[in-house]
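# Inside the fold
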Amino acid sequence: MNSPVPGLSSRAAEFVRRTHGLFIGGAFVPAADGRTFPTYDPSTGAHLADAPYAGPADVDAAVAAARSALDGPWGALPALGRSRLLVRLAELLEEHAAELAEIEALDGGKPVAMNEAMDLPAAIEHFRYYAGWPTKIEGETIPVHLPDTLCYTRKEPVGVCAQIIPWNYPLMMAAWKLAPALAAGCTVVLKPAEQTPLSALRLAELVREAGFPPGTVNVLTGDGETGRALVRHEGVAKIAFTGSTQVGREIAAGAGERLQRVTLELGGKSPNIVLADADIDAAVEGAFSGIYFNSGQTCIAASRLYVHRSRYEEVVGRLAGAAQKAEVGPALDRATRFGPLVSAEQYERVRGYLLGGLAAGATLRAGEVPPAAPDGGFFVRPALFTDVTPGMRIVREEIFGPVLVAAPFDDVEEAVALANDTPYGLAAGVWTRSLGQAHTLAARLRAGMVYLNSWASGDPGAPFGGVKASGIGREMGRANLDAYLETKTVWTSLAF
Ligand code: NAP
Ligand code: MG
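The text that follows walks through the structure, step by step, so that each part is easy to find. If you're wondering where the values come from, they're calculated on a predicted model, not measured in any experiment. (Residues numbered from 1 in each chain as written. Chains lettered and ligands numbered in written order. Predicted model: local features only at pLDDT ≥ 70, side-chain atom pairs only at ≥ 80, totals over all residues. Heavy atoms only, no water.)

### Brief notes about the site of ligand 1
Taken together, 30 residues lie around ligand 1, and I165, W167, E194, S244 and E398 are the ones closest in. G222 is positioned such that a nitrogen or oxygen atom in its backbone is 3.2 Å from an oxygen atom of ligand 1. Protein contacts shield 90% of the accessible area of ligand 1, which totals 860 Å² for the unbound molecule. For the shell around ligand 1, the secondary-structure elements that each account for two or more residues are α9 (224-231), β10 (238-242), α10 (245-258) and α13 (344-359). (Near = heavy atom within 4 Å. Polar contact = N/O pair within 3.5 Å; in protein donor to acceptor, adjacent residues only side chain to side chain. Areas by Shrake-Rupley, 256 points an atom, 1.4 Å probe, with all protein chains shown as cover. Helix = DSSP H or I, 4+ residues; strand = E, 2+ residues; numbered from the N terminus.)

Spelled out as structure tokens, the structure:
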């Protein structure tokens, strides 16, 4: 980094400028072949830092380190020891929250105030929540029919886990992945996205400071090839992946071949339904933040809005007005609510969907097509399309940007049909004052999560994940702990 970045504290600046290493076996080391790759500040497009690029030799070393920690000090640690370390890590994150919020803003373009208000607390509470689990992982005694026989089960860690995360909530995703795996007693090789390598490396320093045995957590920065080498490694027992459906399919196919355990948290095109009797103020607010939060770069973005025809113009008009007023700005500016998209590539992708929507005949009620080459940062203003038809690409495909499509419906049957007409099944929302309608629709919407008169509520204890093309398995809560445990059945003859 050549010049100081306005708004950056000296602690964060010092970290960003550092020569970064892969975190393998408790040490920060260069890639075996010395390769690095650049990471950029999406608010300016400027080069920020270089991160080490992990190749196959580094993947081998990280998996070996994870294996020896599992067979050594980490595996030998009692449950309470794992709890203590997870609590300590949560405390360290809390101590360094301001710095981490800045690193995240700088590397990924997420507004710093948002990181402080949401991402950091969520990551910290995730570690605290899972810190409570190690001491509650219990087997069972089974009342088997054989005489003089004791049969019981043990819950054992699955083994070395490959965890691959995306760029949209880098630190929070790292917490969602690491906490349950560590609570279960697994060891981990974590690969952050190439667009946002820095916060995971800072987290690795805190893992070391917390006192986790070397090799318990390893962090490999790199790109999709690094991820591919990692998931294909024969030493990896389980893969946990968050990202695109396309890569999820490839990972699941390979995991099937090798019979690795796998959980996938993939994309979405989530429907948000406003019934005629809804509290319109709340619905407009929920629909707005549901899609535009983090500039639409959220797997559970409420990207399809269906409104009863009697309220359609009112809702769409108010949303368009609010979207037109929304200001985009640099992520380190504390006043910014809507930062840039993460990369030039994502900017181009979203721009392509805006152009495609117009070409297909949809009306842009708010927002605009940004210039072909961004002038500095990768900013795209909140956009709202109306006059859409179900077959349009902007209605069917995950855009992962601040682009909402809205359409009216005439009755509840039509709303359910429109909502479920998607390959995805991550989240769905219903706004209504009728309890009966709300819960009837909650049962009929094909999604892993349904929000009634709300959007994006969450808690480390509440299962999170999708059906259909949105994934396999659940994060959060006991469900995600179980994804990192195997059940062993022990038979004992008592005749001796
Ligand atoms: P992606 O390619 O699926 O990337 C997600 C993670 O997987 C990154 O760490 C990536 O590494 C890694 N990866 C890529 N190819 C891999 C492979 N063959 N094997 C193992 N790991 C691999 O997603 P993206 O390209 O960053 O984003 C594309 C689209 O995916 C977005 O526009 C959005 O629609 C969707 N997406 C969804 C989520 C979500 O939360 N569900 C998150 C992000 C993106 P590198 O990034 O280093 O290449
Ligand atoms: Mg970056």
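Text resumes after the structure shown.
### Focus: the sheet that holds strand β17 (residues 427-431)
Taking strand neighbours across the sheet as the criterion, the seven strands line up as β14-β15-β16-β13-β12-β17-β18 in an open arrangement whose pairing is mixed. The strands lining the two open edges of the sheet, one partner per strand, are β14 (363-366) and β18 (449-452). Between one strand axis and the next, the sheet turns by 25 degrees as a mean value, whatever way the strands run. Contacting β12 (271-274), β13 (304-308) and β16 (403-409), helix α15 (residues 412-420) crosses the sheet at an angle of about 150 degrees to β16. (Pairing = 2+ DSSP bridges. Axes fitted to C-alpha atoms, helices over the stretch in contact; angles between N-to-C directions. Contact = heavy atoms within 4.5 Å.)

### Digging into the coordination of the magnesium ion (ligand 2)
Protein coordination at the magnesium ion (ligand 2) comes from T39 (OG1), Y40 (O), D107 (O), D107 (OD) and Q195 (O), with a distance range of 2.3 to 2.6 Å. Read N to C, the donor residues that coordinate the magnesium ion (ligand 2) are spaced as T-Y-x66-D-x87-Q. On the criterion of sequence distance, the pair formed by Y40 in strand β3 (residues 36-41) and D107 in helix α5 (residues 97-108) is long-range, its members being 67 residues apart. On the basis of relative accessibility, which here comes to 41%, the residue Y40 falls in the partly exposed class. On the basis of relative accessibility, which here comes to 2%, the residue D107 falls in the buried class. (Donors = N, O, S within 2.8 Å, 3.2 Å for Na, K, Ca; no water. Buried < 20%, exposed > 50% of the residue type's maximum accessible area, 1.4 Å probe, protein only.)

### What about helix α6 (residues 112-131)?
Given 3.6 residues to a turn, an α-helix orients residues that are three or four positions apart in the same direction. Helix length check: α6 (20 residues) gives 27 Å between terminal C-alpha atoms against 28 Å at 1.5 Å per residue, within 8%. Taken as a whole, α6 carries its principal kink of about 30 degrees at D119; the proline P121 stands between one and four residues after it. Taken as a whole, α6 has its buried residues at V112, M114, N115, D119, L120, A123, I124, H126, F127, Y130 and A131. Buried residues in α6 make contact with α4 (79-95), α5, α7 (170-184) and α17 (477-482). (Expected span 1.5 Å × (residues − 1). Bend = angle between axes of the 7 residues up to and from the residue.)

### Things to note about unusual backbone geometry
Phi at L259 is positive, roughly 55 degrees, even though this residue is not glycine. Looking at where L259 falls in the secondary structure, it is placed in the loop between α10 and β11 (261-265). Even without a glycine there, the phi angle at S295 is positive, about 50 degrees. Relative to the helices and strands, S295 resides in the loop between α11 (280-292) and β13. What makes S295 buried here is its relative accessible area of 4%.

### Considering the sheet that holds strand β20 (residues 485-493)
Strand-to-strand pairing in sheets goes through backbone hydrogen bonds, with the strands running parallel or antiparallel. Sheet architecture is open: three strands sit in the order β5-β6-β20, paired in antiparallel fashion. In this open sheet, the two edge strands, each paired with only one partner strand, are β5 (141-142) and β20. Relative to strand β6 (residues 149-157), β5 is paired through two bridges, and the arrangement is antiparallel. Of the residues in β6, the one forming a bridge with T141 is Y152.

### Brief notes about the nonpolar core
Core analysis: the largest hydrophobic core is formed by 80 residues, its most contacted members being F127 and F212. Not counting chain neighbours up to four residues away, the residues in contact with F212 comprise W74, L85, L86, L89, L182 and V207. (Core = buried A, V, L, I, M, F, W, Y, C linked by side-chain atoms within 4.5 Å.)

### Some thoughts on α13
Between its first and last C-alpha, α13 extends 22 Å over 16 residues, near the 22 Å set by a 1.5 Å rise per residue. All of the buried residues in α13 are Q346, Y347, V350, R351, Y353, L354 and G357. Down the axis, α13 shows its buried residues gathered within 155 degrees of arc, on one side only. Turned more than 90 degrees off the buried face of α13, the exposed positions are E345 and A359. Looking at the packing, one finds that the buried side of α13 touches β14, β15 (383-386), α14 (393-396) and β16. Downstream of α13 by one or two residues, G361 has phi in the positive range, about 105 degrees. (Arc of directions from axis to C-beta.)

### Considering the packing of α4 against α6
Packing of α4 against α6 leaves a shortest axis separation of 8 Å and a crossing angle of 165 degrees. Here α4 lies roughly antiparallel to α6, going by the angle between them. Between α4 and α6 the crossing geometry is left-handed. Together, S83, L86, V87, L89, A90, E91, L93 and E94 of α4 and L120, I124, F127, R128, Y130 and A131 of α6 make up the contact between the two elements. Considering only residue class, the contact of α4 with α6 consists of ten nonpolar, one polar and three charged. (Parallel < 35°, antiparallel > 145°, perpendicular 65-115°, else oblique. Left-handed = near helix turned anticlockwise from the far one by under 90°. Nonpolar A, V, L, I, M, F, W, Y, C, P; charged D, E, K, R; others polar.)

None of the figures reported here should be taken as evidence of function without further support.
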